[in-house]
Amino acid sequence: MEELVLLVNPIKRRLLIHSIEYKEKQEDDGWSGEYKEPQTINQVRVEPKTKLVRSGTGESVESTTTIFWDVVFSTPITFVKGSRITFNNNEMELRQVDEFYDGEKLHHLELRLI
């Protein structure tokens, strides 16, 4: 039986128009801070999403943002949940990292922020 091989092109470079600042969360050893030194991650796509939530005590705005990180074009890095990401002067927390594969190879990551 032939093995099925999926070949998916990387995310188009022209869509990866954003850069972010990433501060990795680290274990607190009492000497260094809660986060490592910030680093710039280039060629990602940031998709902000905001929705209005009505509660019994009033209205509130809930913001969720997704960042698309491409295995081919984006700056190589390993993301850690709980880290901080800054985009357009807005600092958000990395809550979830979803991996998407092309067959057996990693294709891209989707980072969920709040």
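So, here is what we can say about the structure in this document. Since the model is a prediction, treat every value here as computed from it, not as a measurement.

Moving on, we get to the environment of Val80. Assignment of secondary structure puts Val80 in the loop between strand S3 (58-70) and strand S4 (84-87). Taking the C-alpha atoms as reference points, Val80 and Val97, 17 residues apart in sequence, are found 8.2 Å from one another. Among all residues touching Val80, those that are not within four sequence positions of it are Tyr22, Glu24, Lys25 and Leu94.

Counted under the stated rule, the structure contains two aromatic pairs. Arranged with centres 5.2 Å apart and planes meeting at 80 degrees, the rings of Tyr22 and Phe79 form a pair that is edge-to-face. Pair noted here: Tyr22 is in strand S1 (residues 18-23) and Phe79 is in the loop between S3 and S4, with a separation of 57 residues, a long-range link. We note that Tyr22, like Phe79, is buried. The interplanar angle of 85 degrees and the centroid separation of 6.2 Å between the aromatic rings of Trp69 and Phe79 together place this pair among those described as edge-to-face.

Considering all chains together, one arrives at nine salt bridges under this definition. The shortest N-O distance in the salt bridge between Lys23 and Glu91 comes to 3.0 Å. With Lys23 in strand S1 and Glu91 in strand S5 (residues 90-102), this residue pair connects regions lying 68 residues apart in the sequence. We classify Glu91 as partly exposed; its relative accessible area is 42%. Arg112 is the salt-bridge partner of Asp98, the closest N and O atoms lying 3.1 Å from each other. Taken together, the residues Asp98 in strand S5 and Arg112 in strand S6 (residues 105-113) connect sequence positions 14 residues apart. Within this structure, Lys23, Arg84, Glu91, Glu93 and Arg95 form a network of salt bridges that share partners.

Procedures and definitions
Residues numbered from 1 in each chain as written. Predicted model: local features only at pLDDT ≥ 70, side-chain atom pairs only at ≥ 80, totals over all residues. Heavy atoms only, no water. Helix = DSSP H or I, 4+ residues; strand = E, 2+ residues; numbered from the N terminus. Contact = heavy atoms within 4.5 Å. Phe/Tyr/Trp six-rings, centres within 6.5 Å; stacked < 30°, edge-to-face > 60°. Buried < 20%, exposed > 50% of the residue type's maximum accessible area, 1.4 Å probe, protein only. Salt bridge = Lys/Arg side-chain N within 4 Å of Asp/Glu carboxyl O.

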